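Breakdown of the fold
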Amino acid sequence: MRMRSVLATVTAGLAAATCVTAAAPADAHSGTAPGVHACSPAVSITSYSDALDKTTYDGTFVGNLSALAVDRGGRIAALSDRSSLFTLDRETLKPTSVVNLVDEKGAALDSEGLAVDRDGTRLVTSETEPSVRRYERDGTLVGSLPVPDALKVAPAGRATTNLTFEGLTLLPGGHTLLAAMEGSLSGDTAGIVRFQTWERTRHDFRLSAQYGYRTDTGLGVSEAQATPDGRLLVLERGFTAGVGNTVRLYLADLRHATDTRRVDTLTGQDGVRLARKTLLADLVNCPSLGAQAKQPQPNPLLDNIEGLTVTGRTPDGRLQLLLVSDDNQNAVQTTRLYSLSARLPHTVNG
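Parameters at a glance
- Residues numbered from 1 in each chain as written.
- Predicted model: local features only at pLDDT ≥ 70, side-chain atom pairs only at ≥ 80, totals over all residues.
- Heavy atoms only, no water.
- Helix = DSSP H or I, 4+ residues; strand = E, 2+ residues; numbered from the N terminus.
- Buried < 20%, exposed > 50% of the residue type's maximum accessible area, 1.4 Å probe, protein only.
- Pairing = 2+ DSSP bridges.
- Axes fitted to C-alpha atoms, helices over the stretch in contact; angles between N-to-C directions.
- Salt bridge = Lys/Arg side-chain N within 4 Å of Asp/Glu carboxyl O.
- pLDDT = per-residue confidence, 0-100.
- Contact = heavy atoms within 4.5 Å.
- Polar contact = N/O pair within 3.5 Å; in protein donor to acceptor, adjacent residues only side chain to side chain.
- Disulfide = S-S within 2.5 Å.

What follows concerns the overall build of the chain. A count of helical and extended segments in the chain gives 1 helix and 23 strands. The proportion of buried residues among the 350 residues of the chain is 59%.

Read from one edge of the open sheet, 4 strands run β17-β18-β19-β20, paired in antiparallel fashion. Strands with a single pairing partner mark the edges of an open sheet, and in this sheet they are β17 (220-226) and β20 (276-282). When the angles between neighbouring strand axes are averaged without regard to direction, this sheet yields 30°. Where β17 lies against strand β18 (residues 232-240), 6 bridges are found, and the strand directions are antiparallel.

Let's shift gears to the pairing of strand β8 (residues 95-100). Summarising the sheet, strand β7 (residues 84-88) and β8 pair through 5 bridges and their orientation is antiparallel. Within the sheet, the bridge partner assigned to L85 lies in β8 and is V99. Between β7 and β8, which pair antiparallel one after the other, the connecting turn spans 6 residues, and L93 there sits at a positive phi close to 60°.

Counted by the stated rule, this structure contains 28 salt bridges. Note that E129 is salt-bridged to R133, the shortest N-O span being 2.8 Å. Classification of E129 by relative accessible area gives partly exposed; the value is 28%. Linking R134 and D204 is a salt bridge whose minimum nitrogen-to-oxygen distance equals 2.9 Å.

Moving on, we get to the confidence of the model for the chain. Scored by pLDDT, the chain has a mean of 91; 89% of the residues are at 70 or more. In this model residues 2-21 is a low-confidence stretch, pLDDT under 50, and it forms 65 contacts with partners more than four residues away in sequence or in other chains. Between residues 30-34, whose pLDDT stays under 50, and residues either more than four places distant or in other chains, the model counts 7 contacts.

Turning next to the environment of K294. Within the secondary structure, K294 sits in the loop between β20 and β21 (305-313). The class for K294 is partly exposed, based on a relative accessible area of 38%. In this structure, the C-alpha to C-alpha distance between K294 and Q333, residues 39 residues apart in sequence, is 6.2 Å. Once residues lying within four places of it in the same chain are set aside, the contact partners of K294 are D53, K54, A331, V332, Q333 and T334.

Moving on, we come to the side chain of T121. Mapped onto the elements, T121 comes out in the loop between β9 (111-116) and β10 (122-126). Polar contacts involving the side chain of T121 include one to the side chain of D119, which spans 2.7 Å.

Moving on, we come to unusual backbone geometry. Cis geometry marks the peptide bond from E129 to P130, where omega comes out at 0°. Tracing the sequence through the fold places P130 in the loop between β10 and β11 (131-135). Backbone torsion omega between A154 and P155 reads 10°, so that peptide bond is classified as cis. Looking at the secondary structure, you find P155 in the loop between β12 (141-144) and β13 (165-170). Backbone geometry at L289 places phi at a positive 55°, although glycine is not the residue there.

This part is about the sheet that holds strand β15 (residues 192-200). Sheets are built from strands that pair by backbone hydrogen bonding, the pairs being arranged parallel or antiparallel. As summarised here, the arrangement of the 4 strands in space is β13-β14-β15-β16, forming an open sheet in which the pairing is antiparallel. Across the chains shown, the open sheet's two edge strands, defined by having one partner strand only, are β13 and β16 (205-214). Sheet twist, expressed as the mean angle between neighbouring strand axes with direction ignored, is 20°. Where β15 and β16 come together, 8 bridges link them in antiparallel fashion. Opposite E199, over in β16, you have R206 as the bridge partner.

This paragraph deals with the state of the cysteines. The final tally for this structure, using the stated rule, is 1 disulfide. In this model, C39 is linked to C286 through a disulfide, with the two sulfur atoms separated by 2.0 Å. Across the S-S bond linking C39 and C286, the dihedral sits near 110°, which makes this disulfide right-handed. Taken together, the positions of C39 in the loop between β1 (29-30) and β2 (43-49) and C286 in the loop between β20 and β21 put the pair 247 residues apart, joining distant regions of the chain.

Below is the structure:
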């Protein structure tokens, strides 16, 4: 979303994560030893690149990037919230193609979440309604998924404009699709957001379970990405004018969470178990690697990070992650790609 102050299936991509690796861009800034670049005991940063910042490809601005997904052959699909869907080379991470996406009436999307299904079609969220639509590789609209009334933007529902479907991911096996709301519904306690799922049917997906997730104070969910074991990597992000961005990476577990689709309001009440989460890293603690910021930041490496995907594994079993920041086509923000690795704990704290 535009910030305010205060795969085969992805499953196939995850299954292929043991062999598909997005290499650091040729001009990336990186270190010699991963352990030296620890952001936390669980997460290290390998490199970053600003090579795409304020560039164009085939007449299209390369920026406003809000989501990443592993495509067939290990290529990276990168989604702009201005309705452009890029394919990035797996080695250089530079664009090799772009298609424009529109809704049923030919209007542009506020496209924020992305998953690549097992047939190569793209599942794309838009914050406007919100919606989840399916597109062919060439950008042809195929159809859309149902959305619960409560998750629709007011007055149709209880969601706030620009605080709807920000993350999208397919869980291992490709049978469950999950969309993460960025902000709380009206009536829910501030900071408790809804994660909506759909189950695959013979022809597409049908509405299924819903879960509650509590964000840190002042932060919203900017991405949710499935791990190979069925848990979720969740990016929480916020911005404070004059201070900069806060970006934290959490591991969430839905296995013991309550299905909240019939719970009208989420207030942290007894009997409703929210998703468990544990902090993997506050990215402010990552080494800056010489990065520079165009506006005040608590760490010059930080920017408006919105996209995350799992691209592979390191030889010692750590997940390789690729992150991207949304520059909002703003002169004081940067389109930056980050390569990180993470070792996941066996359990998630309550």
